[in-house]
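# Inside the fold
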Amino acid sequence: MKRLFMLLMASATSFAALAQTCPGATTVQSGATVPRVVELYTSEGCSSCPPADRWLSSLKGQPGLITAAFHVDYWNGLGWPDRFSSPAFTERQKQGVGVNGSRYAYTPQIVINGRDWRSASLPAASSEPARVRLAWSRNTGGELKLGAEALAGAPSVIQLWWVRVEDGHSSRVRAGENRGETLNHDSVVREYVRLPNWDGRSPAEWAVPANAGETGHRSRWIAVASDARDGKVLQAVEIGC
């Protein structure tokens, strides 16, 4: 009986801690210009990836930057299954081949604002006015909604996607190319959803599951709008928990 009571108390404490991680009702709206959206395609099974993971972590918190690490699954059969990987992330990378300027899928790959980027130096921030307005809203019950509105100069077909990311992850790798290494990760994509193409003729809104993150790791939700023809990022916005 005492053991059951302690377990119930522990569960209640964990739930309370989780409930306190997200603030109350809030709205976060995108700015007048487009931030730099940095996507990293990486894997714990790739010996060339840890430096890129560290580089991505170094960008955390910098203004005007939004970062997301997609862990691909095609390294998993070579000795170490990456627990953060997903075939959906691999498919996203493959869909970008040719569109973003790359000729093939590889790791580590950096994509910035929809373009293959083979440098650790970031491009200059854009002063070009945004063509889309995005907004996250969260009510007092924790429910999330994503809103979008097309602005002057928006293309006729807009592609939107969102991800939930977590920071502060660590893995002790026991096999494969990184055997014996402890790898640290930030901006790890845990959920990814590609929304149906949107014509922008009228404002749109989507409900987004506000799933709790892994214990001890706060979640951030990132939404990105891009030109469906060439993948160019039109706007992006994130909300924390």
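Structure's up top.
A brief report on the enclosed structure follows. (Residues numbered from 1 in each chain as written. Predicted model: local features only at pLDDT ≥ 70, side-chain atom pairs only at ≥ 80, totals over all residues. Heavy atoms only, no water.)

## Overview of the packing of aromatic side chains
Keep this limit in mind: Each Phe, Tyr or Trp ring (for Trp, its six-membered ring) is paired with any other whose centre lies within 6.5 Å, and the angle between the two planes then decides the class: stacked below 30 degrees, edge-to-face above 60, tilted in between. A helix here means a DSSP run of H or I that spans at least four residues, while a strand means a run of E at least two residues long, and both kinds are numbered starting from the N terminus. Burial classes: relative accessible area under 20% of the type maximum marks a residue as buried, over 50% as exposed, and values in between as partly exposed (1.4 Å probe, protein chains only).
Counted under the stated rule, the structure contains eight aromatic pairs. Relative to Tyr-192, the ring of Phe-70 has its centre 5.8 Å away and its plane inclined at 90°; by these criteria the two rings are edge-to-face. Highlighted residues: Phe-70 in strand E3 (residues 65–71) and Tyr-192 in strand E11 (residues 188–194), separated in sequence by 122 residues. Taken individually, Phe-70 and Tyr-192 each receive the classification buried, so the pair is uniform in this respect. A connected cluster of aromatic rings, assembled from ring pairs, spans Tyr-41, Phe-70, Phe-89, Trp-161 and Tyr-192.

## Focus on the pairing of strand E12 (residues 204–208)
Each regular strand carries side chains that alternate between the two faces of the sheet. Basically, it comes down to this: Strand pairing is assigned whenever DSSP detects at least two bridges linking the two strands.
Going residue by residue along E12, you find Ala-204, Trp-206 and Val-208 tucked away on one face and Glu-205 and Ala-207 left uncovered on the opposite face. Direction of pairing for strand E7 (residues 144–150) relative to E12: antiparallel, over a ladder of five bridges. Paired with Gly-147 across the strands is Glu-205, a residue of E12.

## Looking at helix H2 (residues 49–58)
How we decide: The contact rule is simple, with two residues in contact once any of their heavy atoms fall within 4.5 Å.
The buried fraction of H2 is high, at seven of 10 residues. Contact partners of the buried residues in H2: strand E2 (36–42), E3, strand E4 (109–112) and strand E10 (182–185).

## Description of the nonpolar core
Within soluble globular proteins, side chains that are nonpolar tend to cluster in buried spots. Going by this rule: We call a set of buried Ala, Val, Leu, Ile, Met, Phe, Trp, Tyr and Cys residues a nonpolar core when their side-chain atoms join them within 4.5 Å.
Phe-70, Val-163, Val-189, Tyr-192 and Val-224 are the most contacted members of the largest nonpolar core, which totals 22 residues. Elements represented by at least two residues in this core include exactly E2, E3, strand E8 (158–166), E11, strand E13 (219–227) and strand E14 (233–240). Beyond its immediate stretch of four places on either side in the chain, Val-224 contacts Val-37, Leu-134, Gln-159, Leu-160, Trp-161, Val-233, Gln-235 and Ala-236.

## Some points on the side chain of Thr-42
Definition in use: By the criterion applied in these results, polar contacts are pairs of N or O atoms within 3.5 Å in which, for protein atoms, one can donate a hydrogen and the other can accept it, and in which residues neighboring in sequence qualify only through two side-chain atoms.
Position of Thr-42 among the secondary structure elements: in strand E2. Separated by 2.9 Å, the side chains of Thr-42 and Asp-53 make a polar contact. With residues up to four places along the chain from it excluded, the contact list for Thr-42 reads Cys-49, Asp-53, Ala-69, Phe-70, His-71, Val-72 and Thr-107.

## A look at the environment of Glu-44
Relative to the helices and strands, Glu-44 resides in the loop between E2 and H2. Along the primary structure Glu-44 and Glu-149 are separated by 105 residues, whereas in three dimensions their C-alpha atoms are 38 Å apart. Side chain to side chain, Glu-44 and His-185 meet in a polar contact 2.7 Å long.

## What to know about the pairing of E10
Of the two faces of E10, only one is covered, namely that formed by Leu-183 and His-185; the face formed by Thr-182 and Asn-184 stays uncovered. Pairing geometry for strand E9 (residues 169–172) and E10, over four bridges, is antiparallel. Opposite Ser-170, over in E10, you have Asn-184 as the bridge partner.

## Focus: the pattern of salt bridges
Put simply, the rule reads: Between Lys or Arg on one side and Asp or Glu on the other, a salt bridge is scored when a side-chain nitrogen of the former is within 4 Å of a carboxyl oxygen of the latter.
Going through the model one piece at a time under the given rule, you end up with 17 salt bridges. One salt bridge connects Glu-205 with Lys-145, and the closest N-O pair in it is separated by 3.8 Å. Taken together, the positions of Glu-205 in strand E12 and Lys-145 in strand E7 put the pair 60 residues apart, joining distant regions of the chain. Owing to a relative accessible area of 52%, Glu-205 belongs among the exposed residues under this scheme.

## Focus: the sheet that holds strand E1 (residues 26–29)
Cut-off, in case you're wondering: In this analysis an axis means a line fitted to C-alpha atoms, helices contributing only their contacting stretch, and an angle means the value between N-to-C directions, from 0 to 180 degrees.
With antiparallel pairing, the four strands of this open sheet are ordered in space as E1-E6-E7-E12. Unpaired on one side and paired on the other, E1 and E12 mark the two borders of the sheet. On average, each strand axis in the sheet is inclined to that of its neighbour by 20°, with strand direction left out of account.

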